[in-house]
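Residue-level structural notes
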Amino acid sequence: MPNAMKTAVLLGAMSALLLLLGEALGGAQGLMVGFVFAAATNFGSYWFSDKIVLRMYSAKEVGPDHRLHRVVTDLARRASLPQPRVYVIPQDSPNAFATGRDPAHAAIAATEGILRLLDDDELRGVVAHELAHVKHRDILISSVAATLAAAIMMISRFAMFFGGGRRDDRGGGNPVVFLATLILAPAAAALIQAAISRSREYDADAGGAAIVGHPEGLVSALRKIEAASRRVPLDANPATAHMFIIKPFSAGGLLSLFSTHPPTDKRIRALLHQA
């Protein structure tokens, strides 16, 4: 299914979920609230998902004098892509992602940790991988899915907070609220799993190696990032885990529900086979 169609299906599914949940929690009035929330969420996730995700990680834009910006500029030119905006995330765990709604509105973000960890050749491999996501137009569906999944998790918390004190006729907790909080986080994870192709990382690895001209830098970078991420986990929102070049390693068990990354050793073998 093309990414544009997947995006439309995601937005439609999100609207249906919000309407059903609103009606279950508040009847006709809740249905109206769900409609308003759905409209606002869909509008925001399409037009502002990149800004939302970058703000989640306190990413700061950097200019042409920054090392990361110079690498992005050079490789974007090699890939015949418009100049993306470039951001640095103030976290020690090494990782990176691309976001935006299309190549003309793309952004590349990398952590301070990855900039310290990688040499120039390895950093070029990582940036080329993210630019391949931009070129393949993965970034819209990825960013929208992250925003919608985060919204679903937020709704789950709201349902628990606002409905937790309500009681049913038998004196127990509100069963609708209990059911909502029980299923919404897995529903958000299912949304990510359905939207994000399992082959996208392999395709971006191959595309990144083609942009640079060889896979060795990316292979070395993947090994380093995997090892360092286990020692220094990224403080990541589970809804955005699929966006990073390596799955963020975190103590939270919920994060594993949202993982769409193939094993790193398989990605490395595919790159070496390509070479």
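Structure's up top.
Described in the following lines is the structure provided in the data block. (Residues numbered from 1 in each chain as written. Predicted model: local features only at pLDDT ≥ 70, side-chain atom pairs only at ≥ 80, totals over all residues. Heavy atoms only, no water.)

Side note on the environment of alanine 38
- Take alanine 38: it is sitting in helix 1 (residues 3–56).
- Separated by 26 residues in the primary sequence, alanine 38 and glycine 12 place their C-alpha atoms 9.2 Å from one another. (Helix = DSSP H or I, 4+ residues; strand = E, 2+ residues; numbered from the N terminus.)

Remarks on helix 2 (residues 67–78)
- Here helix 2 spans 17 Å end to end across 12 residues, near enough to the 16 Å set by a 1.5 Å rise per residue.
- Looking only at helix 2, the buried set comprises Leu68, His69, Val71, Val72, Thr73, Leu75 and Ala76.
- On its buried side, helix 2 packs onto strand 2 (85–89), strand 4 (106–111), helix 3 (112–117), helix 4 (120–135) and helix 7 (200–212).
- One or two positions beyond helix 2, positive phi appears at serine 80, with a value near 60°. (Expected span 1.5 Å × (residues − 1). Buried < 20%, exposed > 50% of the residue type's maximum accessible area, 1.4 Å probe, protein only. Contact = heavy atoms within 4.5 Å.)

Section: the pattern of salt bridges
- Within the structure shown, the criterion is met by 10 salt bridges.
- For aspartate 120, the salt bridge goes to arginine 67, with nearest N and O atoms at 3.0 Å. Placement of the pair is aspartate 120 in helix 4 and arginine 67 in helix 2, with a sequence separation of 53 residues.
- Take aspartate 120: its relative accessible area is 46%, and that puts it in the partly exposed class.
- One salt bridge in this structure joins glutamate 226 and arginine 230, with 3.0 Å as the shortest N-O distance. Placement of the pair is glutamate 226 and arginine 230 together in helix 8 (residues 216–231), with a separation of 4 residues, close to one helical turn.
- Exposure remark for glutamate 226: the relative accessible area of 17% places this residue in the buried category. (Salt bridge = Lys/Arg side-chain N within 4 Å of Asp/Glu carboxyl O.)

A closer look at the nonpolar core
- With 38 residues, the main nonpolar core has Leu68, Leu75, Ile114, Val126, Val127, Leu131 and Ile225 as its most contacted residues.
- No other element matches helix 4, which puts 6 residues into this core.
- Excluding anything up to four places from it in sequence, leucine 131 contacts Val72, Leu75, Ala76, Leu81, Pro84, Ile108 and Ile211.
- By size, the runner-up hydrophobic cluster in this structure holds 14 residues, among which are Leu54, Ala107, Ala146 and Met243. (Core = buried A, V, L, I, M, F, W, Y, C linked by side-chain atoms within 4.5 Å.)

Looking at the packing of aromatic side chains
- Evaluated as defined, the whole model comprises 3 aromatic pairs.
- Plain terms: the ring middles of tyrosine 57 and phenylalanine 97 are 6.2 Å apart, the flat faces sit at 55° to each other, and that makes the pair tilted. Highlighted residues: tyrosine 57 in the loop between helix 1 and strand 1 (60–61) and phenylalanine 97 in strand 3 (residues 96–100), separated in sequence by 40 residues.
- Tyrosine 57 gets classed as buried once you look at its relative accessible area, which sits at 4%.
- Residue phenylalanine 97 is classed as buried on the basis of its relative accessible area of 0%. (Phe/Tyr/Trp six-rings, centres within 6.5 Å; stacked < 30°, edge-to-face > 60°.)

Thoughts on empty space enclosed by the protein
- Per the counting criterion, the structure on display carries 2 cavities of 30 Å³ or more.
- Approximately 40 Å³ is the volume attributed to the largest cavity.
- Every residue along the wall of the largest cavity is listed here: Ala98, Glu130, His133, Asp138, Ile139, Ser142, Arg200 and Met243.
- For the lining of the largest cavity, the secondary structure elements donating two or more residues are helix 4 and helix 5 (139–163).
- Each residue belonging to the lining of the largest cavity can be placed in one class, and the counts come to 3 nonpolar, 2 polar and 3 charged.
- Put simply, the second largest cavity is a space of about 30 Å³.
- Of all the secondary-structure elements, those providing two or more residues to the lining of the second largest cavity are strand 4 and helix 4.
- Looking at the lining of the second largest cavity element by element, the count peaks at 4 residues for helix 4. (1 Å grid on protein atoms, 1.4 Å probe; cavity = no way out; pocket = protein on both sides within 12 Å on 5 of 7 lines; lining within 4 Å. Points joined across faces, edges and corners; volume = space filled by probe spheres on them. Nonpolar A, V, L, I, M, F, W, Y, C, P; charged D, E, K, R; others polar.)

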